[in-house]
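# Analysis of the macromolecular model
Residue-level listing of the chains:
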Amino acid sequence: MSMRLLGKIGLLCVGSLVVVPAPAQALEFNGGVSVGGIQVGAESRVAVSPFAGWLWRSEGDFRLEVHNMLSIVPGAGVGVYDRTAITLGYTTETTTVSLGPSLAIYSMPVCGAVICDRVVGVAPGGRTQYDWYFADALGVSTSIHVDWAGGSSRVLPGSLVMMLTTGPIWRFEIKSK
């Protein structure tokens, strides 16, 4: 990965943290467990992904969110894919849509066209999530992640890691005075 690309990714991450100051109305925590598919190398696998988020909501409909998702990929060799994202979200009474950059740390068994091996590394990427709350604090969350695993690897052609997960979400809100 070139230093120029790393610099642009760093600016994107810092730029996503610069928000017009607004008094926070609420601090919210959410969490759940999603199940979905992860595409690494030439094969798709199932991933079980517990996640947690910490969200700041201002007076408007926008909010800053920090999310962490740990994906456990079962199989012949268990894989771990841990991703943290800082996103900007738009919220209504029952839905939230968020988008932003992410950074993942992984250790995964991966099979390419010819050989299988374990890959370990760090991957910058992006994340979007849609949450729909149908019973006050209970809802359904769907997230899409695309990461660039970089480097040259015979078992990870194309260097892309894609994941789609969905599952229940619970939120806990703390309102400020």
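Use the structure listed above.
Summary of the structure given here. Bear in mind that the values here come from a model prediction, so they are computed numbers and not experimental data. (Residues numbered from 1 in each chain as written. Predicted model: local features only at pLDDT ≥ 70, side-chain atom pairs only at ≥ 80, totals over all residues. Heavy atoms only, no water.)

### What about the overall build of the protein chain?
What counts, and what does not: Secondary structure elements are taken from DSSP: a helix is a run of H or I of four residues or more, a strand is a run of E of two residues or more, and numbering for both begins at the N terminus. When a residue's accessible area, from a 1.4 Å probe over protein chains only, is under 20% of the maximum for its type it is buried; when over 50% it is exposed; and in between it is partly exposed. Using a 1.4 Å probe, the Shrake-Rupley method yields the accessible areas, and only the shown protein chains count as cover for residues.
From N to C terminus, the protein chain includes one helix and eight strands. Expressed as a percentage of its 177 residues, the buried residues of the protein chain come to 38%. Put simply, the protein chain shows about 9,600 Å² of open surface, and 70% of that area lies on carbon and sulfur atoms.

### Quick look at unusual backbone geometry
Only a minority of non-glycine residues have a phi that is not negative, and only a minority of peptide bonds are not trans. A positive phi angle is found at D136, which is not glycine, with a value near 60°. You can see D136 is positioned in the loop between β6 (116-135) and β7 (138-148). Here D136 falls in the exposed class, since its relative accessible area comes to 65%.

### Remarks on a nonpolar patch on the surface
Operational definition: By definition, no residue in a patch forms a salt bridge, and every one has over 30% relative accessible area; like charges are joined within 9 Å, nonpolar side chains (Val, Leu, Ile, Met, Phe, Trp, Tyr) within 5 Å. Salt bridge criterion: a side-chain nitrogen from Lys or Arg within 4 Å of a carboxyl oxygen from Asp or Glu.
Taken together, the side chains of F29, W54, W56, V97, Y130, W132, F134, L138, V140, W170, F172 and I174 make up a nonpolar region of the molecular surface, amounting to roughly 1,100 Å² of accessible area. If you list the elements that add at least two residues to the nonpolar patch, you get β2 (43-57), β6, β7 and β8 (160-175). As for its position among the elements, L138 is in strand β7. L138 gets classed as partly exposed once you look at its relative accessible area, which sits at 30%.

### Comments concerning the nonpolar core
For the record, the criterion: Throughout this description, the term nonpolar core refers to a set of buried Ala, Val, Leu, Ile, Met, Phe, Trp, Tyr and Cys residues connected via side-chain atoms within 4.5 Å. In what follows, residue pairs with any heavy atoms lying within 4.5 Å of each other are defined as contacts.
Ranked by internal contacts, the top residues of the largest apolar core, which has 18 residues, are I38, V40, Y81, Y106, M108 and V161. Listing elements by their share of this core, those giving two or more residues are β1 (26-40), β2, β3 (62-73), β5 (95-111), β6 and β8. When residues of this core are assigned to their parent elements, the largest contribution, four residues, is made by β5. Each residue touching V161, except ones within four places of it in the same chain, is listed here: I38, Q39, V40, Y81, H145, V146, D147 and A149.

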